[in-house]
Amino acid sequence: MATTATKTVRQMCTAALRKAQVTSIEEDPSASDMAEAVTLLDMMLKSWQNRRYNLWTYTSGSHTLTTDAAQTLNPVRPLEIITARLKRIGVELPMTQMTRQEYDNLPQKTSTGTPTQFYYDRQREAPRLYVWPVLATAAGETIEYTYARELDDVSDLDVVVDVPGEWWEATLYGLAARLAESYDLDGVLNKLAPRAAAKLEEALSFDREGSVFFAGPYADT
């Protein structure tokens, strides 16, 4: 029995266009309507990242330390680093996260020793991970970290939408409401907006630590 089904961008956008009554149930969406749906879906998913409830995006990374204070993470750009551990000779030691101000206030950022603290500078591109103290000599130490990854970009119609099954209805109604607004379908929007908000809250209430592994994010309609 299948329990991990997926929805493609094409399937989700088509369903939302029909739910918004932009496209009738008997016809396929036009290229321009589908393009609008794809754009709105991508923007909606990216805005949902701001809610920080997307537990299914939590994953693990590993970075080999150098003797520099600033470490360049490749190829990912974590939205947020949840925890970090210094790994040395197979033993992992928890590290403490600093704020930007705390890092800036360090009087000697190149002090050497065993790294016990870190500051993550996300940036738009090329994120940096700063550690303190820094290694005097690198001997294969790594930072093992748990982070929240970015949701996949929405571009190709045949790729899978980067949300788990319990977020499908929130995705569908959220996108449909945005499409109704985009096409000035006020009557349809008045019906869809409350449903979209309810489905969003339903999904968010499930997205907590201790729940099933999957969960998700969403933006106001």
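The following paragraphs examine the structure supplied in this document. These numbers were taken from a predicted model, which means no experiment stands behind them.

## Concerning the pattern of salt bridges
Here comes step 1: By the definition in use, this model includes 12 salt bridges.
Here comes step 2: For Arg18, the salt bridge goes to Asp28, with nearest N and O atoms at 3.7 Å. With Arg18 in helix α1 (residues 9-19) and Asp28 in the loop between α1 and α2 (31-48), this residue pair connects regions lying 10 residues apart in the sequence.
Here comes step 3: Residue Arg18 is classed as partly exposed on the basis of its relative accessible area, which comes to 26%.
Here comes step 4: Judged by relative accessible area, which is 65%, Asp28 ranks as exposed.
Here comes step 5: For Arg77, the salt bridge goes to Glu150, with nearest N and O atoms at 3.0 Å. With Arg77 in the loop between β2 (70-72) and β3 (80-88) and Glu150 in the loop between β8 (142-148) and α4 (168-182), this pair connects stretches of sequence that are 73 residues apart.
Here comes step 6: Accessibility expressed as a relative area gives 29% for Glu150, which makes it partly exposed.

## Considering the environment of Thr8
Here comes step 1: Tracing the backbone shows Thr8 in the segment before α1.
Here comes step 2: Owing to a relative accessible area of 19%, Thr8 belongs among the buried residues under this scheme.
Here comes step 3: The spatial distance from the C-alpha of Thr8 to the C-alpha of Val161 is 5.4 Å, given a sequence separation of 153 residues.
Here comes step 4: Residues within four places of Thr8 in sequence aside, it is in contact with Leu157, Asp158, Val159, Val160 and Val161.

## Brief notes about the side chain of Thr171
Here comes step 1: Within the fold, Thr171 resides in helix α4.
Here comes step 2: Residue classification places Thr171 among the buried residues on the basis of a relative accessible area of 0%.
Here comes step 3: Of the polar contacts made by the side chain of Thr171, one reaches the backbone oxygen of Trp167; its length is 2.7 Å.

## Observations concerning the sheet that holds β3
Here comes step 1: Across the sheet, which stays open at both edges, the 4 strands sit in the order β1-β8-β3-β4 with antiparallel pairing between neighbours. Each edge of the open sheet is held by one strand with a lone partner, namely β1 (58-64) and β4 (91-94). Adjacent strand axes in the sheet meet at a mean angle of 30 degrees when their direction is disregarded.
Here comes step 2: Judged from the 7 bridges that link them, β3 and β8 form a sheet pairing that is antiparallel.

## Focus on the packing of aromatic side chains
Here comes step 1: With the rule as written, the count across this model stands at 6 aromatic pairs.
Here comes step 2: When the ring of Trp56 is compared with that of Trp167, the centres are 6.0 Å apart and the planes differ by 50 degrees; the resulting orientation is tilted. With Trp56 in the loop between α2 and β1 and Trp167 in the loop between β8 and α4, the pair connects residues that are 111 residues apart, well separated along the chain. The exposure classification of Trp56 matches that of Trp167, with both residues buried.
Here comes step 3: Judged by centre distance (5.9 Å) and plane angle (20 degrees), the ring pair of Tyr103 and Tyr119 falls under stacked. With Tyr103 in helix α3 (residues 100-104) and Tyr119 in strand β6 (residues 117-121), this residue pair connects regions lying 16 residues apart in the sequence.
Here comes step 4: In this structure Tyr103 comes out as buried when scored by relative accessible area, which is 6%.
Here comes step 5: By the ring-pair criterion, three or more aromatic residues cluster together here, those being Trp48, Trp56 and Trp167.
Here comes step 6: The residue whose ring lies beneath Lys7 is Trp168, and the NZ or CZ to ring-centre distance is 5.0 Å.
Here comes step 7: Geometry around Tyr103 places Lys109 over its ring, the cationic atom sitting 5.6 Å from the centre.

Reading the values: the criteria
Residues numbered from 1 in each chain as written. Predicted model: local features only at pLDDT ≥ 70, side-chain atom pairs only at ≥ 80, totals over all residues. Heavy atoms only, no water. Salt bridge = Lys/Arg side-chain N within 4 Å of Asp/Glu carboxyl O. Helix = DSSP H or I, 4+ residues; strand = E, 2+ residues; numbered from the N terminus. Buried < 20%, exposed > 50% of the residue type's maximum accessible area, 1.4 Å probe, protein only. Contact = heavy atoms within 4.5 Å. Polar contact = N/O pair within 3.5 Å; in protein donor to acceptor, adjacent residues only side chain to side chain. Pairing = 2+ DSSP bridges. Axes fitted to C-alpha atoms, helices over the stretch in contact; angles between N-to-C directions. Phe/Tyr/Trp six-rings, centres within 6.5 Å; stacked < 30°, edge-to-face > 60°. Lys NZ or Arg CZ within 6 Å of the ring centre and 35° of its normal.

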